[in-house]
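Each chain, written out:
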Amino acid sequence: MDLRKPLGNKIKYFRKQKGLTQEQLAEKIGIETNTLSNIETGKSFMSFKVFQKLPEILEVQPYEFFVYDENITPEYKKILAGKIKNIKNANQLLLIENLINQLK
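Here the structure is a predicted model, which is why all the values come from computation and not from measurement.

## Observations regarding the overall build of the chain
- Broken down by element type, the chain carries 6 helices and 0 strands.
- What you see in the chain, going N to C, is helices and strands ordered as α-α-α-α-α-α.
- Within the chain, buried positions represent 25% of all 104 residues.
- A fraction of 60% describes how many contacts in the chain between residues 6 or more apart in sequence connect residues 24 or more apart.

## Focus: helix α2 (residues 22–29)
- Leu25, Ala26 and Ile29 are the residues of α2 that are buried. Each buried residue of α2 sits inside an arc of 100° when the element is viewed along its axis, so together they form one side. Exposed and oriented more than 90 degrees from the buried face of α2 are Glu27 and Lys28.
- Turning to α2, the residues buried within the fold contact α1 (4–17), α3 (33–40) and α4 (48–58).
- Immediately downstream of α2, the backbone of glycine 30 shows phi near 95°, a positive value.

Criteria and thresholds
Residues numbered from 1 in each chain as written. Predicted model: local features only at pLDDT ≥ 70, side-chain atom pairs only at ≥ 80, totals over all residues. Heavy atoms only, no water. Helix = DSSP H or I, 4+ residues; strand = E, 2+ residues; numbered from the N terminus. Buried < 20%, exposed > 50% of the residue type's maximum accessible area, 1.4 Å probe, protein only. Contact = heavy atoms within 4.5 Å. Arc of directions from axis to C-beta.

Given below as structure tokens:
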């Protein structure tokens, strides 16, 4: 699987969620705007140094850049549903509810 396009889409999504333009995010990262544009469109891949800055700037966890809808198979959904049904901790259930609401 080529990660450039889905990873670029995630960066663009999180950037827009933060209300940042490409110019603003590029400046915060320390790269040119056209470089960020190429990353977001999947034309090029970013350096690890650039990737290290993104979670803090965009206020997301690093793993969130690699969670794509196409990764969620029906079998995986069944496994997740089973695990959720077994959760008894109210804080964990609230967290899951908030995550689900954000996906809607």
